[in-house]
Amino acid sequence: MTFKKLVLCGLSLAYFSGAVAQEINEETAYRPNFHFTPKKNWMNDPNGLFYADGVYHLFFQHWPYGNVWGPMHWGHATSKDLVKWEEQPIALYPDRFGYIFSGSAVYDTKNTSGFGKDGKIPAIALFTYHDSAKEKTGATDVESQGLAYSLDNGQTWTKYDEGNPVIKNNGIRDFRDPKVTWDWVNNKWIMVLAAKDRAQFYTSDNLKDWKYLSDFEDKVSKHGTWECPDFFPIKVKGTNEVKWVLIQSFYPGGANGGSGTQYYVGDFDGKNFTLDKSFAQKLEKEKGIWLDYGRDNYASVTWGGSPDEQYKKYIIGWMINLDYAFEPPTNIWRGTNTVARELELIKDKNSYRFSIAPVAALKKYVAATETQKKITVNQTAELIKEGKTNLTQAEINLDLKGLKKEKYSLVLSNKTGDTLKFGIDNTAKNLFIDRTASSNSTTFKNRTAKVSKASLTEDQKEVSFKILLDKTSIELFYNDGDKVLTEIFFLKSPFTTLTIEGKSKFVVENLVINQFNFK
Ligand code: FRU
């Protein structure tokens, strides 16, 4: 029998497993070592990601007075390296126009908005006002886009009361999450926003007056409500070719159910976004090109204004699925972000794709490394022995070679009976994460005990994996970030061993185990 019960004002959970009762202190057991969480209470989408003067700003959907979703504010955190975050005072509060839903921020270095004063560069936030009072009347025009500016690098904000909302609602119920980017190709501001079942593009010279340009619909993969888009130009790695990418979150309709985020590669002529022909063919074939095939990466958006943004974008997501966003068994805070990642656009033999990697700055925190050049495995091998590595803050890299039409599972386990299996199945042609046996919380388990899969077009003779582990998450990067799977879990005790299993002989090469230290 297993049950959990809340004790001590939500500070710890007691669980019962067989005859042994144990206490779990959620700060020690579940507060991630290197993934951002708010100190207290509810967090959802990342918002307002901009870079200025060596600092990355991360705002987030926040209900500061409770651990469930509530009237939305923007919380704020800053980082110099996209790994260590420092939480800042709340940035935006609801007002007479409504709650402050998701949106973006830019550093207006040319003062195109005119909000700059005394040589101070304005940061401009564009966000959705959600009018909950109006919503109660059954009205549809409840969401509009508002503007606020900051003259002290995002610490304090002034709402543009005389001009808000800067984009009014013309009758679309879900009309939100404006993402503004400096279009360095056409020298204009460009905004993408989610309008029910499509993305809409707008342009502006001053961030206050917006002109509608066009819509984009996905005719291949049908989804529920569109949310939290992103749209930007990027150079194809190693070339000067510029492509445009639309990143788009949906709920429902994710790769493995619930919520998820796709991306689309194409061209933009200053008005319309059209899919690249080869990408359209790939989309037709695969029925969805996902930023993440795991279930727990939603509302991912990129930083604007970073020094190398023409060829590399930094991105972060909310590490959960909307199907069970209220279920994580933490009470002090609820909501965690993915690790910040780097996106590069690659042209491969078929089409364009992202290569996705954890931010390079993570390497700074590697305290110890163990390597093994080659291990010949006969069905099974122990790659990390009990207690050798702290698997709540580690990165494991390995190549698998000599693979056959068989299933290869990496298995994390501990003495309290939790296991997490992941790897590649050449019989079913997919990558997978199986978390059917990795949860301490019954409610969470009931909602998450499934195998998530990412289809592969061919079976693979050799593959490489990069595995990032924190206390409650796995981020699995396949073949240089060609595909990523992100999932969360809540264990009875931390994982202590890693084994690998196959049906016959194969080889593990270049095993590199990096132990992090974030102190
Ligand atoms: C996505 C979302 C956004 C919205 C925000 C409200 O998770 O629904 O579309 O702006 O959350 O918190």
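Keep in mind that this is a model prediction, so the values were computed, not measured. (Residues numbered from 1 in each chain as written. Predicted model: local features only at pLDDT ≥ 70, side-chain atom pairs only at ≥ 80, totals over all residues. Heavy atoms only, no water.)

Trainee: Before we go on, may I ask you to explain the site of the ligand in this structure?
Mentor: Residues in contact with the ligand, as listed here, are Asn-44, Asp-45, Gln-61, Trp-69, Met-72, Phe-101, Ser-102, Arg-176, Asp-177, Glu-227, Tyr-298 and Trp-318. A distance of 2.8 Å separates an oxygen atom of the ligand from a polar side-chain atom of Asp-45. For the ligand, the protein covers 92% of the area, taking 320 Å² as the surface of the free molecule. Elements that contribute at least two residues to the shell around the ligand include exactly strand S4 (41-52), strand S8 (99-107) and strand S12 (175-183). By residue class, the composition of the shell around the ligand is five nonpolar, three polar and four charged. (Near = heavy atom within 4 Å. Polar contact = N/O pair within 3.5 Å; in protein donor to acceptor, adjacent residues only side chain to side chain. Areas by Shrake-Rupley, 256 points an atom, 1.4 Å probe, with all protein chains shown as cover. Helix = DSSP H or I, 4+ residues; strand = E, 2+ residues; numbered from the N terminus. Nonpolar A, V, L, I, M, F, W, Y, C, P; charged D, E, K, R; others polar.)

Trainee: So what exactly am I meant to see when it comes to unusual backbone geometry here?
Mentor: Negative phi characterises most residues that are not glycine, and trans characterises most peptide bonds. For the bond running from Asn-164 to Pro-165, omega is -5 degrees, close enough to zero to count as cis. Examined against the element boundaries, Pro-165 turns out to sit in the loop between strand S11 (158-159) and S12. Going from Tyr-251 to Pro-252, the amide bond is cis rather than trans, its omega being -5 degrees. Turning to its location among the elements, Pro-252 is positioned in the loop between strand S17 (242-251) and strand S18 (260-268).

Trainee: I would appreciate a short explanation of the pairing of strand S16 (residues 225-235) in the present structure.
Mentor: Here is the key point about a regular strand: its side chains alternate between the two faces of the sheet. Of all eleven residues making up S16, ten are buried, and the element is well covered by its neighbours. Sheet topology places S16 next to S17; nine bridges connect them, and they run antiparallel. Bridge pairing in S17 places Asp-230 opposite Ile-247. Counting the residues in the hairpin turn of S16 and S17 gives six residues, including Gly-238, whose phi is positive at 80 degrees. (Buried < 20%, exposed > 50% of the residue type's maximum accessible area, 1.4 Å probe, protein only. Pairing = 2+ DSSP bridges.)

Distances and angles like these do not, on their own, reveal function.
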